[in-house]
Amino acid sequence: MEIIIVESLEEAGEVEAKRLARIINENPETVLGLATGSSPLPLYQAMERYVSGGLNMRNVSGFALDEYIGIAASDERSYTATIEREVTGPLGLNPELVHVPEGDAADPQQAADRYEAAIKSAGGVDVQILGIGSDGHLGFNEPGSSLASRTRIKTLSQLTREDNARFFSTLDEVPRHCITQGLGTIMDARQLLLFAQGATKAEAIAAALEGPVSSRCPASVIQLHPSVTVYVDNSAAAGLELADFYKYIHRNKPDQSS
Ligand code: F6R
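Quick summary incoming for the structure in this document.

Parameters and conventions
- Residues numbered from 1 in each chain as written.
- Predicted model: local features only at pLDDT ≥ 70, side-chain atom pairs only at ≥ 80, totals over all residues.
- Heavy atoms only, no water.
- Pairing = 2+ DSSP bridges.
- Helix = DSSP H or I, 4+ residues; strand = E, 2+ residues; numbered from the N terminus.
- Axes fitted to C-alpha atoms, helices over the stretch in contact; angles between N-to-C directions.
- Contact = heavy atoms within 4.5 Å.
- Core = buried A, V, L, I, M, F, W, Y, C linked by side-chain atoms within 4.5 Å.
- Buried < 20%, exposed > 50% of the residue type's maximum accessible area, 1.4 Å probe, protein only.

## Considerations on the sheet that holds strand β8 (residues 177–180)
- Pairing is antiparallel across the open sheet formed by three strands, whose spatial order is β4-β8-β7. For this open sheet the edge positions go to β4 (66–69) and β7 (152–155), each flanked by a neighbour on one side alone. Averaged over all pairs of adjacent strands, the angle between their axes in this sheet comes to 35 degrees, without regard to strand direction.
- Along the sheet, helix α4 (residues 108–121) contacts β4, β7 and β8; its crossing angle with β7, the most-contacted strand, is approximately 125 degrees.

## Description of the sheet that holds strand β5 (residues 98–99)
- If you walk across this open sheet you meet the seven strands as β1-β10-β9-β6-β2-β3-β5, and the pairing is parallel. A single partner strand is all that each edge strand has here, and the edge strands are β1 (2–6) and β5.
- Bridging between strand β6 (residues 127–130) and strand β9 (residues 191–196) involves four bridges; their strand directions are parallel. Within β9, the position partnered with Q128 by the bridge is L192.

## Looking at the nonpolar core
- Within the largest apolar cluster, 74 residues are counted, with the highest numbers of intra-cluster contacts made by M57, L138, I222, V232 and L240.
- For this core, the leading source of residues is helix α1 (residues 9–26), giving seven residues.
- Not counting chain neighbours up to four residues away, the residues in contact with L138 comprise L130, G131, L183, I186, L194, P218, A219, V221 and I222.
- In this structure, I69, A111, A112 and I179 belong to the second largest nonpolar core, which totals five residues.

What follows is the structure, given as structure tokens:
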């Protein structure tokens, strides 16, 4: 894992937007795994500047991590609407190539199975963009999730519902269930890119990056992935025992340009 401690996620967004622009220029049919929430926004905003500067993302495919069950896709609080508003529209993706699990399907488990199949037939995810929940969730894989899980229905934890209540008028309106890519699904992506900011993420980040690999902290599964980059701001890094070492590694990164 490459763990990079930054002053702000805006700084991380700039670096990664540049890298993603290069990847997309080399392979215009890149498949991105898309997280919603606050953490990836600086990246999406930085990518928007590359798109304004000529980067063509029309042939890029996107697969969202998750969707609520119980609210219509047309509802502005759905992740379908959020991805359209924050990613598909601003980055000029072809809506037909952007997928979100169908949380309002008559049979959500069948919808989850179709989603797995769609990811496979797109050739798998090249770069999976991730945030982390304050309870250590990845996607909406809450504590106790199987590390080998595939896309399926999950129950949201009370902490996750409270964290996401900011998008709803009352806590009671926050859905209790979702469809989420499984941890096994996420781990199949060729590269993982995780962003975390703020003190509320410090405990989860310490458990995910330095704790045991365990379903107690689902995000800890990324320790088993061969290509992971994690950006944390100073507040989210506050619980990392090896923070100084990560900074040292980053300052002394071998030059691989020649
Ligand atoms: C979002 C998702 C979640 C969020 C996590 C962090 O699609 O799957 O795992 O990434 O809840 O959310 P923010 O970034 O809003 O703190």
